[in-house]
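What the coordinates show
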Amino acid sequence: MLFNIYTNDQPIIKETKHFLYADDLALAAQDTTFEIVERKLTRSLHELTNYYTKNQLRPNPDKTQVCSFHLRNREAKRELKVEWLGKPLGNTEHPVYLGVTLDRTLTFKEQCKKTKMKVEARNNLIRKLAGNKWGATPNTIRTTGLALCFSAGEYACPVWNQTKHTKHVDTALNETCRIITGCLKPTPLKYIYPLAGIIPPGIRRHAATCIERTKQSMDQRHPMYGYLGPQRRLKSRRSFITNSTTNHVTPEQYRIQKWREELQCEKPVPPAEHLPCGGNQPWIIWKTLYRLRTEVAKTKVNMRKWGYQKESDILCECGEDQSDDHLLQCTLAQPGCETGDLALANEKAISIATHWLKQNI
């Protein structure tokens with residue numbers, strides 16, 4: 001805070017734009033040729049040097065990097081020639097500003113890849129909680145997944161939400177919800193997120209983008225207030241300003257409304273931002289209950305279909321084919337239950353889940 005007060009009178013050069021957050025300053029210049037941009041940046045750095053000298057501040061050219069953003073593929077390897085205090089500044093292909101990795105054409109491919117790796121590393125922590133013999137409660141695992149994985153997977157998402165590379169992040173977040181619910185990989189994604197009580201990543205990012213768009217258009221304190229955005233040159237370049245709408249309802253209401261429109265199915269449970277019935281059970285019973293709800297369990301029929309079971313060995317101990325439907329009505333697992341019982345997680349459903357838990361279904 002004291003540093004910000006001390007440097008609050010830094011000069012703002014007219015031919016460049018300033019982006020300042022705490023003590024992190026970025027200069028940007030825009031023009032038709034590289035040479036003009038280089039001259040603008042060099043002059044701006046010279047004026048800043050005079051300010052730093054007068055205020056006993058020491059600039060560090062070694063830690064300063066430059067990068068050019070353009071769509072001229074023929075000059076993709078063109079480096080900016082900018083000097084500061086007699087030292088040429090180093091060029092970087094993927095500069096990182098406030099935790100967001102940029103690239104020459106602003107596709108945010110590297111940003112999505114790094115985010116995926118970060119979420120995957122945190123998924124390993126969730127797996128530790130969701131052990132077979134020990135672990136936290138279902139609510140704790142869900143809260144941990146939101147705090148560790150989804151927070152990292154949605155950082156600065158209004159900036160990169162429009163790119164096609166978000167599928168990399170979605171893959172890692174899908175795995176997060178599979179860990180939270182204990183569902184197997186063949187389970188359809190449309191079942192995974194309602195069972196986890198988490199809205200799908202695409203809808204969450206879109207809601208965050210609309211919130212940012214609302215702030216940008218209505219809050220005069222927003223750094224991009226009144227900015228209309230440039231004319232689109234390529235279909236693949238979509239700004240959140242032109243591809244999102246202002247939102248006049250709460251984020252929770254918007255997310256649920258958008259989710260219901262896209263899901264169009266309330267099987268096995270209706271969409272909601274909380275765990276469905278059964279969330280108070282131990283995680284190992286809760287996991288088996290979810291596999292029964294989605295009708296994707298480790299039955300002998302499924303194991304044969306997935307290539308893990310011998311061709312002829314599909315019979316249950318009661319003598320019938322051990323399929324997903326059979327698990328609910330097996331004579332050895334009395335009393336039986338219906339799909340409605342699974343949705344309510346009543347005594348019948350818990351009894352069935354406890355029975356098949358012993359067989360690692």
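Note that this is a predicted model, so its numbers are computed, not measured. (Residues numbered from 1 in each chain as written. Predicted model: local features only at pLDDT ≥ 70, side-chain atom pairs only at ≥ 80, totals over all residues. Heavy atoms only, no water.)

A few words on the overall build of the protein. Looking only at helices and strands, the protein has 14 helices and eight strands in total. In summary, the protein has a C-alpha radius of gyration of 27 Å against a globular reference of 21 Å for 361 residues, an excess of more than 25%. Here the protein holds 361 residues, and 41% of them are scored as buried. Once local pairs closer than 6 in sequence are excluded, the contacts in the protein between residues at least 24 apart make up 62%. As displayed, the protein has an accessible area near 21,100 Å², and 53% of this comes from carbon and sulfur atoms. Within the protein, the 37 negative side-chain charges are centred at a point lying 3 Å from the centre of the 54 positive side-chain charges. (Helix = DSSP H or I, 4+ residues; strand = E, 2+ residues; numbered from the N terminus. Rg over C-alpha atoms; globule rule 2.2 N^0.38 Å. Buried < 20%, exposed > 50% of the residue type's maximum accessible area, 1.4 Å probe, protein only. Contact = heavy atoms within 4.5 Å. Areas by Shrake-Rupley, 256 points an atom, 1.4 Å probe, with all protein chains shown as cover. Lys, Arg positive; Asp, Glu negative; His and termini not counted. Charge placed at Lys NZ, Arg CZ, Asp CG, Glu CD.)

Domain annotation for the protein reports domain 1 (1–101), domain 2 (109–226 + 238–262) and domain 3 (283–358). Each of domain 2 and domain 3 has a C-alpha centre, and the two are 31 Å apart. Domain 2 puts 17 residues into the contact, and the matching count from domain 3 is twelve residues. Here domain 2 packs against domain 3, burying approximately 1,300 Å² in sum over the two surfaces, 71% of which is carbon and sulfur. (Domains from an automatic or database assignment. Buried area = accessible area lost by both parts, 1.4 Å probe.)

The next subject is the UniProt feature "domain: Reverse transcriptase" (unreviewed entry) in the protein. Following the UniProt record, the feature "domain: Reverse transcriptase" (unreviewed entry) maps to residues 1–89 here. Secondary structure across residues 1–89 divides into 29% helix and 18% strand, with the first and last C-alpha atoms of the span separated by 28 Å. (UniProt positions renumbered as here; feature names shortened; annotations may be inferred.)

Attention now moves to the confidence of the model for the protein. Per-residue pLDDT for the protein averages 88, and the proportion of residues at 70 or more is 95%. No element of the protein has a lower mean pLDDT than helix 9 (residues 251–263), at 82, and none a higher one than helix 6 (residues 166–181), at 95. (pLDDT = per-residue confidence, 0-100.)

What follows is about the packing of aromatic side chains. Overall, the coordinates contain two aromatic pairs when judged by the stated rule. Ring geometry for Y51 and Y52: centres 5.8 Å apart, planes at 65 degrees, overall edge-to-face. Comparing Y51 with Y52, the two get one shared label, buried. Measuring from centroid to centroid gives 4.4 Å for W286 and Y290, while their planes differ by 50 degrees, and the two rings are tilted. (Phe/Tyr/Trp six-rings, centres within 6.5 Å; stacked < 30°, edge-to-face > 60°.)

The phi angle at L106 is positive, at roughly 55 degrees, despite the residue not being glycine. Within the secondary structure, L106 is located in the loop between strand 8 (100–101) and helix 3 (109–129). One non-glycine residue with positive phi stands out, namely F108, at about 60 degrees. The topology assignment puts F108 in the loop between strand 8 and helix 3.

Turning to helix 4 (residues 138–153), a few remarks are in order. In this model helix 4 runs 21 Å from its N-terminal to its C-terminal C-alpha over 16 residues, within 8% of the 22 Å that 1.5 Å per residue would give. Looking at the packing, one finds that the buried side of helix 4 touches helix 3, helix 5 (157–160), helix 6, helix 7 (189–196), helix 8 (201–218) and helix 10 (283–294). (Expected span 1.5 Å × (residues − 1).)

Tracing the sequence through the fold places R213 in helix 8. One buried charged residue, R213, remains without a salt bridge, the closest side chain of opposite sign being E212 at 10.0 Å. Other than its neighbours up to four places away in sequence, R213 contacts F240, I241, S244, T245 and T246. (Salt bridge = Lys/Arg side-chain N within 4 Å of Asp/Glu carboxyl O.)

Running from N to C, helix 3 and helix 4 cross one another at 170 degrees; their axes reach a closest spacing of 8 Å. By the angle between their axes, helix 3 is roughly antiparallel relative to helix 4. Across the interface between the two elements, T115, K118, V119, R122, N123, L125, I126 and L129 from helix 3 touch I141, T144, G145, L148, C149, S151, A152 and G153 from helix 4. (Axes fitted to C-alpha atoms, helices over the stretch in contact; angles between N-to-C directions. Parallel < 35°, antiparallel > 145°, perpendicular 65-115°, else oblique.)

On to the environment of G202, then. Note on placement: G202 falls in helix 8. Sequence separation between G202 and G319 is 117 residues; the distance between their C-alpha atoms is 45 Å.

This part takes up the nonpolar core. Core analysis: the largest hydrophobic core is formed by 35 residues, its most contacted members being I141, L173, C177, Y193 and I198. Listing elements by their share of this core, those giving two or more residues are helix 3, helix 4, helix 5, helix 6, helix 7, helix 9 and helix 10. The leading source of residues in this core is helix 6, at six residues. If you count residues domain by domain, this core takes at least three from each of domain 2 (109–226 + 238–262) and domain 3 (283–358). (Core = buried A, V, L, I, M, F, W, Y, C linked by side-chain atoms within 4.5 Å.)

Those residues of helix 14 (residues 347–357) lying buried are A349, I350, I352, A353 and W356. Seen along its axis, helix 14 keeps its buried residues to an arc of 160 degrees; they face one direction. Elements in contact with the buried residues of helix 14: helix 10, helix 12 (324–329) and helix 13 (339–344). Two or three places before K348, at the start of helix 14, stands the capping residue N346, its side-chain oxygen 3.3 Å from that residue's backbone nitrogen. (Arc of directions from axis to C-beta. Polar contact = N/O pair within 3.5 Å; in protein donor to acceptor, adjacent residues only side chain to side chain.)

Each regular strand shows side chains that alternate between the opposite faces of the sheet. Pairing analysis gives five bridges linking strand 1 (residues 17–21) to strand 2 (residues 24–28), with the strands arranged antiparallel. Among the inter-strand pairings, Y21 is bridged to a residue of strand 2, identified as D24. Two successive antiparallel strands, strand 1 and strand 2, enclose a turn made up of two residues, where A22 displays a positive phi of approximately 55 degrees. (Pairing = 2+ DSSP bridges.)

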